[in-house]
There are 2 protein chains.
Amino acid sequence: MQKYGGSSVKDPERIKRVASRLVKAYDEGYSVIAVVSAMGDTTDELIAKAREITSRPPRREMDMLLSTGEQISIALLAMAIDALGYPVVSLTGKQVGIRTDSVHTKARIQHVDTTRLMKELGAGRIVIVAGFQGVDDYDEITTLGRGGSDTTAVAVAAAVGAEVCEIHTDVDGVYTADPRVVKDARKLADISYGEMLEMASLGAVVLQPRSVEYAANHGVRIHVRNSSHDKPGTLVQEERCMEKDMVVIGVAHDTNVAKVAMLNVPDRPGVAYKIFSRLAEEGINVDMIVQTSKERQVTDMVFSVNSDDAPLARTITEELSRELDAGDVLVDDTLAKVSIVGAGMVSNPGVAARMFEALAEENINIEVISTSEIKVSCLIAAEHVERAVQALHAKFGLGG
Amino acid sequence: MQKYGGSSVKDPERIKRVASRLVKAYDEGYSVIAVVSAMGDTTDELIAKAREITSRPPRREMDMLLSTGEQISIALLAMAIDALGYPVVSLTGKQVGIRTDSVHTKARIQHVDTTRLMKELGAGRIVIVAGFQGVDDYDEITTLGRGGSDTTAVAVAAAVGAEVCEIHTDVDGVYTADPRVVKDARKLADISYGEMLEMASLGAVVLQPRSVEYAANHGVRIHVRNSSHDKPGTLVQEERCMEKDMVVIGVAHDTNVAKVAMLNVPDRPGVAYKIFSRLAEEGINVDMIVQTSKERQVTDMVFSVNSDDAPLARTITEELSRELDAGDVLVDDTLAKVSIVGAGMVSNPGVAARMFEALAEENINIEVISTSEIKVSCLIAAEHVERAVQALHAKFGLGG
């Protein structure tokens, strides 16, 4: 069970290289299933085409459009394997039996019917599966959102009972911090599902968070590795083995963050519900939420969103502000989030304090703080983010 | 029921124009179904991608690849209609219920299950159908060959009992000859199925021949018209109404012809079967066949093929020649075919003779002759083809 991302299949040469890797595994006696993404920038190009037609394409039609990207990849990869003289078949999401709910562009896999898959493997074929896509109960094509091919790979691995799901990408594994920011960032040999989920959600984009969640629920081990060589990468699994003594295992950051502040919101029951349900209806993921009462009966509602969603969030909150008779809406999209992650944090008090200390030493102001059992996140000015990551990496002794 | 070819949807502007035409028909109270092809050169670009991977892509994977072209068109056209505020849904070949046989890249439609189509029309939606594609009984994606979207349109029209199937293209209709060759070529108001079939097969590429055959079998009238204006085009129907007195209705030509001659083939039963079944197995369509006995026990077997197939035809016939202990194989791909077409021909003797007269007057040598009830075709040197078409057009008084 292997998965290849868009950069691994972005041109004919790379497609042929992936084909060689797969037939090698086949020759070693494995049943080979490969999940592939769309080639290189195909998905972005398709989105650009849609934008030329309309600024608000229906989500169902976006799925109809975007799912072609993976279909092109699987056909070409299957041709490359056939050209090497090996038996192969490509399967669309529909053909491979990936059933999802009906939430177009962000569908969730509900079930994988492995009948066809098992038949093809039984016939000795290498099976190439289109990532990112499925069908709902009404035969409608759905897609799984950015990075959805990871989830396809994990779901197929779970369905066929594969021991490990190999995610081949253009990095060597999961690092203690982004190696482009921190020179002595170290590749982790393994990481727990929970930690990986936090790292993925917090901006260390290696795996789609949903794929990690799916893997945890189904007990699938994920091996994140580089598609251009054979060295081991990072294992994502139930428990870390090697580095149990590490309290903090990594520093994540995300520069794609905007803060929205609704000032002087009437402080009565149901207001928060009204605000955040309206945002959810429009498909905006709200991350950190802080509510601070300044005086009696009014409160400031502050939250963070992906900066792509900031303009829409502004429109909606301004509407809400009028409806609720609240004050101004302030939006700041020059922010970044830095986070420390580690499952050991829960039993080690004082970790958050050391984080604040590191930021204070660098004279970096903290806008918002949010914590969970295994991470602490701070919103800071985007201009300080590299310095913050480097300081935290050093403070927790994560270097090689 | 309307069909739009690749040139009608080749860019966002044209897609929006097609959208406007469809909503106009919807506003006039029609149930609107549109079949669309892939945008502009998309299909050729996809074929080029496959060639970069392998010179012999498996046909099943070609279908997996090529069917994405139409899927992109239907999604974008549906987005454009949605942007105009009209209810719309796009459907793949699978979703629209187009069942075909399993002959990949040249599949034939066997059945159209209209359940989904009727449901969508019943819900008041404009339905956009992917041309060129279907699925076989094993849920495999198939394509219908070059021009297959015409056949999709006719098959869907037949299945829903549409009165007329409008084929929107970049020409005004069917002409008495190619207007680029003959200055006074005239647009025909109507043409019979049989005549259209001959015109289409003989190189006047307006409709896929299979679509005409399907229309004839199911009694669907086809209206070939220009997508850039509203003037009537040419009606393809059971009987010509307007021009019954015309013996010859058009001159077709095809410059994409090669002649293969197998010399001194042993003249014994089963030889022709052996030769032409082998060619058929390799997917080569043989057009005209002439067998001429020169002396006892040996014969020359001469036939024509599409010039794209000439290299493969040469390889196969050279193999056969060795097996059969025959003589040399000669291939000439500098030929063209000119044909006169008309259903009145069968009851008017001397039509063929007048054709030969016209060519003789121009000093054009005839290599091979082939006749049917409603056409006469001659193979001539490609360099003379324009002169031949002009002479025949004048000889039979077809000008405007």
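As shown above, the structure is provided for reference.
Residues numbered from 1 in each chain as written. Chains lettered and ligands numbered in written order. Predicted model: local features only at pLDDT ≥ 70, side-chain atom pairs only at ≥ 80, totals over all residues. Heavy atoms only, no water.

Enquirer: Looking at this structure, I do not really get the overall build of chain A. What am I missing?
Expert: Looking only at helices and strands, chain A has twelve helices and 18 strands in total. Relative to the compact-globule value of 21 Å for 400 residues, chain A shows a C-alpha radius of gyration of 23 Å, a close match. With the C-alpha coordinates of chain A rotated into their principal frame, the extents come out at 75 × 50 × 30 Å. Each charge class in chain A was averaged separately, 43 positive and 58 negative side chains, and the resulting centres sit 2 Å apart. (Helix = DSSP H or I, 4+ residues; strand = E, 2+ residues; numbered from the N terminus. Rg over C-alpha atoms; globule rule 2.2 N^0.38 Å. Lys, Arg positive; Asp, Glu negative; His and termini not counted. Charge placed at Lys NZ, Arg CZ, Asp CG, Glu CD.)

Enquirer: When you look at the pairing of strand β15 (residues 298-306) of chain B in this model, what are you seeing that I'm missing?
Expert: On any regular strand, side chains alternate: one points to one face of the sheet, the next to the other face. Residues and elements named next belong to chain B. Burial within β15 is extensive, with eight of its nine residues counted as buried. Sheet topology places strand β13 (residues 250-266) next to β15; eight bridges connect them, and they run antiparallel. Its bridge partner lying in β15, Pro266 is registered against Val298. (Buried < 20%, exposed > 50% of the residue type's maximum accessible area, 1.4 Å probe, protein only. Pairing = 2+ DSSP bridges.)

Enquirer: Teacher, can you tell me more about the relation of the copies chain B and chain A here?
Expert: Mapping one chain copy onto the other needs a rotation about an axis and a shift along that axis. Overlay of chain B on chain A (RMSD 0.1 Å): rotation 180°, translation along the axis 0.0 Å. The superposition operator between the copies reduces to a two-fold rotation axis. The position closest to the rotation axis in chain B is occupied by the C-alpha of Thr68 of chain B, lying 2.5 Å away. Comparing contact sets, 100% of the residues at the interface of chain B also lie at the interface in chain A, consistent with an isologous, same-surface contact. (Least-squares fit on C-alpha atoms with pLDDT ≥ 70 in both. Contact = heavy atoms within 4.5 Å.)

Enquirer: How do you make sense of the interface of chain B and chain A when you look at a structure like this?
Expert: By convention, interface size is frequently given as the accessible area that disappears when the constituent parts associate. In this assembly, 41 residues from chain B lie in contact with 41 residues from chain A. If you look at where chain B meets chain A, you find two salt bridges. Between Arg116 of chain B and Glu140 of chain A there is a salt bridge, and its shortest N-O distance comes to 3.0 Å. Inspection of the region where chain B meets chain A yields 16 residue pairs in polar contact (both at pLDDT 80 or more). When residues of the side of chain B that touches chain A are traced back to their parent elements, those giving at least two are α1 (12-27), α2 (42-53), α3 (59-83), β3 (88-91) and α4 (93-96) of chain B. Top element by residues in the side of chain B that touches chain A is α3 of chain B. It accounts for 17 residues. Across the side of chain B that touches chain A, the residue classes tally to 23 nonpolar, seven polar and eleven charged. (Salt bridge = Lys/Arg side-chain N within 4 Å of Asp/Glu carboxyl O. Polar contact = N/O pair within 3.5 Å; in protein donor to acceptor, adjacent residues only side chain to side chain. Nonpolar A, V, L, I, M, F, W, Y, C, P; charged D, E, K, R; others polar.)

Enquirer: Whenever I open this one, the sheet that holds strand β10 (residues 190-192) of chain B confuses me. Can you help?
Expert: Each strand in a sheet pairs with its neighbour through backbone hydrogen bonds, running either in the same direction (parallel) or in the opposite one (antiparallel). All names here are of chain B. Taken together, eight strands build an open sheet; the order of strands is β3-β6-β2-β1-β9-β11-β12-β10 and the sheet is mixed. Here the strands that pair on one side only, and so sit at the sheet edges, are β3 and β10. Ignoring which end each strand starts from, the neighbouring axes of this sheet average 20° apart. In this sheet, strand β6 (residues 126-130) lies alongside β3 in parallel orientation, the contact comprising four bridges. Within the sheet, the bridge partner assigned to Val89 lies in β6 and is Val127. Along the sheet face, helix α5 (residues 115-122) touches β2 (33-36), β3 and β6 and points at about 170° away from the line of β3. (Axes fitted to C-alpha atoms, helices over the stretch in contact; angles between N-to-C directions.)

Enquirer: Sorry, what's going on with the pattern of salt bridges here?
Expert: When the charged atoms of two side chains lie near each other, side chains of opposite charge can form a pair. Residue and element names in this part refer to chain A. In total, this model carries 52 salt bridges over all chains according to the counting rule given. With a shortest N-O distance of 4.0 Å, Glu319 and Arg278 are connected by a salt bridge. Remark: Arg278 occurs in helix α9 (residues 271-281) and Glu319 occurs in helix α10 (residues 310-324); sequence separation between them is 41 residues. Judged by relative accessible area, Glu319 falls into the partly exposed class, the value being 35%.

Enquirer: Looking at this structure, how should I read the pairing of strand β6 (residues 126-130) of chain A?
Expert: All names here are of chain A. Within β6, five of the five residues are buried, which leaves it mostly tucked inside the rest of the structure. Side chains Ile126, Ile128 and Ala130 of β6 all project onto a buried face; the interleaved residues Val127 and Val129 project onto the opposite face, where all are buried too. Inspection of the sheet shows strand β2 (residues 33-36) paired to β6 by four bridges, in the parallel sense. Bridged to Ile33 within β6 is Val127.

Enquirer: I would appreciate a short explanation of unusual backbone geometry in the present structure.
Expert: Leaving glycine out, the prevailing phi sign among residues is negative, and the prevailing peptide bond configuration is trans. Residue Asn264 of chain A is not a glycine yet carries a positive backbone phi of 50°. By secondary structure assignment, the location of Asn264 of chain A is in strand β13 (residues 250-266). By relative accessible area, which is 30% here, Asn264 of chain A ends up partly exposed. Phi is positive for Phe132 of chain B, close to 80°, though the residue is something other than glycine. Secondary-structure assignment places Phe132 of chain B in the loop between β6 and β7 (133-135).

Enquirer: Explain helix α7 (residues 193-201) of chain A here, please?
Expert: In an α-helix there are 3.6 residues to a turn, and that puts residues three or four apart on one side. Here α7 of chain A has its buried residues at Tyr193, Glu195, Met196, Glu198, Met199 and Ala200 of chain A. Of the residues flanking the end of α7 of chain A, it is Gly203 of chain A, one or two places downstream, whose phi is positive at about 115°.

Enquirer: Would you take a moment to explain the sheet that holds strand β12 (residues 234-237) of chain A for this structure?
Expert: All names here are of chain A. The eight strands lie next to each other as β3-β6-β2-β1-β9-β11-β12-β10, forming an open sheet whose pairing is mixed. Two strands lie at the open edges of the sheet, namely β3 (88-91) and β10 (190-192), each paired on one side alone. Across the sheet, the mean angle separating the axes of adjacent strands is 20° when strand polarity is ignored. Two elements, strand β11 (residues 221-226) and β12, share three bridges in a ladder whose sense is antiparallel. When the bridges of β12 are listed, Ile222 appears paired with Val236. Where helix α6 (residues 148-160) meets the sheet, it contacts β1 (2-4), β2, β6, β9 (164-169) and β11, and its direction lies at approximately 160° from that of β2. α7 rests against β10, β11 and β12 of the sheet, and its axis sits at about 90° to β10.

Enquirer: What is the right way to look at the packing of aromatic side chains in this model?
Expert: Each aromatic ring pair is described using two quantities: the centre-to-centre distance and the angle formed by the ring planes. All names here are of chain A. Under the defined criterion, the tally for this structure stands at four aromatic pairs over all chains. With centroids separated by 5.7 Å and ring planes inclined at 90°, the aromatic side chains of Tyr26 and Tyr86 adopt a geometry described as edge-to-face. Taken together, the positions of Tyr26 in helix α1 (residues 12-27) and Tyr86 in the loop between α3 (59-83) and β3 put the pair 60 residues apart, joining distant regions of the chain. For the pair Phe276 and Phe303, a centre-to-centre distance of 5.3 Å together with 75° between the ring planes defines the contact as edge-to-face. Taken together, the residues span a long stretch of sequence, with Phe276 in helix α9 and Phe303 in strand β15 (residues 298-306) at a distance of 27 residues. We classify Phe276 as buried; its relative accessible area is 16%. (Phe/Tyr/Trp six-rings, centres within 6.5 Å; stacked < 30°, edge-to-face > 60°.)

Enquirer: Would you explain the packing of α2 of chain B against α3 of chain B in this entry?
Expert: How two helices pack is summed up by the angle between their axes together with the distance between the axes. Residue and element names in this part refer to chain B. One way to put it is that α2 packs onto α3 with a least axis distance of 9 Å and a crossing angle of 150°. Between α2 and α3, the interaxial angle falls into the category roughly antiparallel. Seen along the crossing, α2 lies across α3 with a hand that is right-handed. Of the residues in α3, those touching α2 at Thr42, Thr43, Leu46, Ile47 and Ala50 are Met62, Leu65, Leu66, Thr68, Gly69 and Glu70. Its residues assigned to classes, the contact of α2 with α3 shows six nonpolar, four polar and one charged. (Parallel < 35°, antiparallel > 145°, perpendicular 65-115°, else oblique. Left-handed = near helix turned anticlockwise from the far one by under 90°.)

Enquirer: I tried to follow the environment of Gly6 of chain B on my own but got confused; where do I start?
Expert: Residue and element names in this part refer to chain B. With respect to the secondary-structure elements, Gly6 resides in the loop between β1 (2-4) and α1. Residue Gly6 is classed as buried on the basis of its relative accessible area of 16%. Note: C-alpha distance between Gly6 and Thr169 (163 residues apart in sequence) is 8.5 Å. Look past the residues within four positions of Gly6 in its chain and what remains in contact with it is Ser37, Ala38, Met39 and Gly40.

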